[in-house]
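# Summary of the model geometry
Given next are the chains, with one letter for each unit.
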Amino acid sequence: MVSLSALNLRILICRLFNKPLFILKVENGIVTKAFGFAKPGFILDCIEIVKLNNFRSGFIYAANGKFGKPVLRSSKEVPGDMLQQLRNAWGINS
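Notes on the structure follow. The shown structure was predicted, so the numbers you read here are calculated from the model rather than taken from an experiment.

About the cut-offs
- Residues numbered from 1 in each chain as written.
- Predicted model: local features only at pLDDT ≥ 70, side-chain atom pairs only at ≥ 80, totals over all residues.
- Heavy atoms only, no water.
- Patch = residues over 30% accessible without salt bridge, like charges linked within 9 Å, V, L, I, M, F, W, Y side chains within 5 Å.
- Areas by Shrake-Rupley, 256 points an atom, 1.4 Å probe, with all protein chains shown as cover.
- Salt bridge = Lys/Arg side-chain N within 4 Å of Asp/Glu carboxyl O.
- Helix = DSSP H or I, 4+ residues; strand = E, 2+ residues; numbered from the N terminus.
- Expected span 1.5 Å × (residues − 1).
- Buried < 20%, exposed > 50% of the residue type's maximum accessible area, 1.4 Å probe, protein only.
- Arc of directions from axis to C-beta.

## Some points on a nonpolar patch on the surface
Taken together, the side chains of Leu9, Leu12, Ile13, Leu16 and Phe17 define a hydrophobic patch exposed on the protein surface, amounting to about 510 Å² of accessible area. Here leucine 12 is to be found in helix H1 (residues 6-18).

## Some remarks on helix H2 (residues 40-52)
For H2, spanning 13 residues, the distance from its first C-alpha to its last is 19 Å, which sits close to the expected 18 Å at 1.5 Å a residue. Among the residues of H2, those classed as buried are Phe42, Cys46, Ile49 and Val50. Summarising the axial view, the buried residues of H2 lie within an arc of 100°, below the 170-degree limit, and thus occupy one face. Exposed and oriented more than 90 degrees from the buried face of H2 are Pro40, Leu44, Lys51 and Leu52. Positioned one or two residues after H2, asparagine 54 has a phi angle of 50°, which is positive.

Given below as structure tokens:
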């Protein structure tokens, strides 16, 4: 039987209901791509931001917003100020 961690289960639910363009998973402070395509420059920036904030676990994803423009969102564990740093990095790399 396959065992899913709580984080992986939440990523699966996010993938089913939010139809993300990509999902980046942070587990034990390590950033990995869980789904889709994110630009390498953005992933490198995410790694730096996660290290600077000493962030341990959660996920970040991009999904289409109201008018079709992609927006960056995250799991509830990501602090608001860190999400803003990620959005700034995403704006530069998108």
